[in-house]
Amino acid sequence: MQINLTGNIPPAVIKSFNVLIPIMITVIIFSVMSFAVNQIFNMDFNTLVTTIITKPLSYVTTSLPGFLLITSIANLFFGLGIHQAVISGPLLDPFLLQNMQENMVAYANHQEIPHIINMAFKDTFAVMGGSGNTIGLLIAIFIFGKRKDYKDISKLSAAPSLFNISEPIIFGLPIVFNPLLIIPFVLAPIFSLTTAYYATAAGWINHVVVQTPWTTPPIISGFLATGGDWRASVLQVIIIVVTVFIYLPFLRMDEKVAFATAQKSDAK
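For the structure given in this document, a descriptive report is provided here. All figures in this text were calculated on a predicted structure; none of them were measured in a lab.

**A few points about the overall build of the protein**
Here is step 1: A tally of regular secondary structure across the protein gives 12 helices and 0 strands.
Here is step 2: Taken from N to C terminus, the helices and strands of the protein fall in the order α-α-α-α-α-α-α-α-α-α-α-α.
Here is step 3: Going through the 268 residues of the protein one by one, you find that 40% of them count as buried.
Here is step 4: Considering only intrachain contacts with a sequence separation of at least 6, the fraction spanning at least 24 residues in the protein is 64%.

This is the structure:
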């Protein structure tokens with residue numbers, strides 16, 4: 001359906017009139033829906049969406065099982081070449097940021113901190129050295145690695161890793177499409193987040209109450225994010241040490257496979 005105008009009228013004006021009908025139909029439909037919602041539920045449409053969809057989804061995504069599930073799936077897809085932020089960002093970030101905001105307000109007003117899981121909590125404990133807590137992999141390669149090419153790539157990846165940028169090691173080593181390294185890449189954040197969650201719940205470290213930049217180096221990030229709690233930095237060190245040994249057996253197997261492949265190639 002179009003509005004026909006006669007006379008010497010510019011095409012741009014005619015096009016602007018032709019979109020009036022769908023705009024009017026859309027406005028009328030949503031106005032009727034909003035009025036009906038207000039009359040039936042005694043609330044506006046935005047509040048209804050928040051009550052029915054946003055709050056339940058928030059409980060799912062920011063509970064420990066849901067948070068770990070989404071994070072693990074995102075890291076698994078990263079191991080297949082799809083950046084984890086594309087997977088987890090739309091599902092987690094709005095709710096993690098909301099929890100972070102509520103924590104900061106409560107901390108500023110000297111109130112009880114309401115949430116353990118929030119945006120800075122993820123950045124502080126699940127992105128040490130980058131996605132997959134790959135700082136543990138780098139340390140494992142430097143101390144226990146036997147492949148020169150792995151050590152060379154790790155040297156190039158060390159500086160970015162200090163600022164939680166893991167793409168050089170993920171795509172350079174690579175972890176992508178490497179089943180032996182994808183496994184600890186998924187497992188390491190599960191361990192770190194679970195440990196940090198229960199340490200916070202038990203009161204061993206303060207809640208995360210400061211939104212630090214995700215590029216803040218590990219150990220420093222724990223101290224800053226918890227409002228100056230040194231115990232969080234100690235926990236980060238412990239997690240990194242354990243993460244090294246999570247990666248180590250898979251690194252060993254990967255090296256054996258690489259050596260065996262190289263020997264077969266030389267034999268040919």
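Back to the text.
**A look at unusual backbone geometry**
Here is step 1: Across the junction of Leu 173 and Pro 174, the peptide omega takes the value -5 degrees, indicating a cis bond.
Here is step 2: Relative to the assigned elements, Pro 174 resides in the loop between helix H9 (167-172) and helix H10 (179-201).
Here is step 3: A positive phi is found at His 110, a non-glycine position, where the angle reads about 60 degrees.
Here is step 4: Mapped onto the elements of the fold, His 110 is located in the loop between helix H5 (84-108) and helix H6 (119-125).
Here is step 5: Of note, the phi angle at Asn 164 is positive, near 65 degrees, even though the residue is not glycine.
Here is step 6: For Asn 164, the location among the structural elements is in the loop between helix H8 (148-162) and H9.
Here is step 7: Overall, the relative accessible area of 5% leaves Asn 164 in the buried class.

**Brief notes about the pattern of salt bridges**
Here is step 1: All chains considered together, the criterion is met by 5 salt bridges.
Here is step 2: Residue Arg 231 pairs with Asp 229 through a salt bridge whose shortest N-O separation is 3.1 Å.
Here is step 3: The exposure class assigned to Asp 229 is buried, which follows from its relative accessible area of 5%.
Here is step 4: Members of the salt-bridge network, linked through shared partners, are Arg 147, Asp 149 and Asp 254.

**Focus: a nonpolar patch on the surface**
Here is step 1: Side chains of Leu 69, Ile 73, Leu 76, Phe 77, Leu 80, Ile 82, Val 86 and Phe 177 sit close together on the surface and give an oily, nonpolar patch of about 730 Å² of accessible area.
Here is step 2: It is helix H4 (residues 64-79) that provides the largest number of residues to the nonpolar patch, a total of 4 residues.
Here is step 3: Structurally, Phe 77 is set in helix H4.
Here is step 4: Phe 77 gets classed as partly exposed once you look at its relative accessible area, which sits at 32%.

**Let's talk about the nonpolar core**
Here is step 1: Residues Phe 67, Phe 121, Phe 125, Leu 193, Val 208 and Leu 235 are the most contacted members of the largest nonpolar core, which totals 27 residues.
Here is step 2: At the level of secondary structure, the elements contributing two or more residues to this core comprise H4, H5, H6, H10 and helix H12 (230-267).
Here is step 3: Every residue in contact with Phe 125, bar those within four places of it in the chain, is listed here: Asn 133, Ser 192, Leu 193, Ala 196, Ile 205, Val 208, Ala 232, Leu 235, Gln 236 and Ile 239.
Here is step 4: One finds Phe 78, Val 186, Tyr 247 and Leu 251 within the second-largest nonpolar core, a separate group that totals 20 residues.

**Some words on the environment of Ser 233**
Here is step 1: Relative to the helices and strands, Ser 233 resides in helix H12.
Here is step 2: We classify Ser 233 as buried; its relative accessible area is 10%.
Here is step 3: Between the C-alpha atoms of Ser 233 and Phe 223, which are 10 residues apart in sequence, the distance is 5.5 Å.

**As for the packing of aromatic side chains**
Here is step 1: What the rule picks out here adds up to 5 aromatic pairs.
Here is step 2: Summarising the aromatic geometry, the rings of Phe 78 and Phe 185 are spaced 6.1 Å apart at their centres and angled 70 degrees between planes, so their arrangement reads as edge-to-face. Placement of the pair is Phe 78 in helix H4 and Phe 185 in helix H10, with a sequence separation of 107 residues.
Here is step 3: By way of ring pairs, the aromatic residues Phe 78, Phe 171 and Phe 185 are connected into one cluster.

**Structural notes on the packing of helix H7 (residues 135-144) against H8**
For any two helices packed against each other, the geometry comes down to the angle between their axes and how far apart the axes lie.
Here is step 1: At a minimum axis distance of 10 Å, the contact between H7 and H8 shows a crossing angle of 140 degrees. The pairing of H7 with H8 is recorded here as oblique in orientation. You can see that H7 and H8 cross each other, and the crossing is left-handed. Across from Ile 135, Leu 138, Ile 141 and Phe 142 in H7, the residues of H8 making contact are Tyr 150, Lys 151, Ser 154, Lys 155, Ser 157, Ala 158 and Ser 161.
Here is step 2: The residue makeup of the contact of H7 with H8, split by class, is 6 nonpolar, 3 polar and 2 charged.

**A word on the side chain of Thr 134**
Here is step 1: Mapped onto the elements, Thr 134 comes out in the loop between H6 and H7.
Here is step 2: Excluding residues within four positions of it along the chain, Thr 134 makes contact with Met 128, Gly 129, Ser 166, Ile 169, Ile 175, Phe 185 and Tyr 247.

**Overview of the environment of Phe 250**
Here is step 1: Mapped onto the secondary structure, Phe 250 falls in helix H12.
Here is step 2: When the C-alpha positions of Phe 250 and Ile 183 are compared, they lie 8.0 Å apart, and in sequence the two are 67 residues distant.
Here is step 3: Residues contacting Phe 250, with those up to four places away along its chain left out, are Leu 180, Leu 181, Ile 183 and Pro 184.

Thresholds, definitions, all that
Residues numbered from 1 in each chain as written. Predicted model: local features only at pLDDT ≥ 70, side-chain atom pairs only at ≥ 80, totals over all residues. Heavy atoms only, no water. Helix = DSSP H or I, 4+ residues; strand = E, 2+ residues; numbered from the N terminus. Buried < 20%, exposed > 50% of the residue type's maximum accessible area, 1.4 Å probe, protein only. Contact = heavy atoms within 4.5 Å. Salt bridge = Lys/Arg side-chain N within 4 Å of Asp/Glu carboxyl O. Patch = residues over 30% accessible without salt bridge, like charges linked within 9 Å, V, L, I, M, F, W, Y side chains within 5 Å. Areas by Shrake-Rupley, 256 points an atom, 1.4 Å probe, with all protein chains shown as cover. Core = buried A, V, L, I, M, F, W, Y, C linked by side-chain atoms within 4.5 Å. Phe/Tyr/Trp six-rings, centres within 6.5 Å; stacked < 30°, edge-to-face > 60°. Axes fitted to C-alpha atoms, helices over the stretch in contact; angles between N-to-C directions. Parallel < 35°, antiparallel > 145°, perpendicular 65-115°, else oblique. Left-handed = near helix turned anticlockwise from the far one by under 90°. Nonpolar A, V, L, I, M, F, W, Y, C, P; charged D, E, K, R; others polar.

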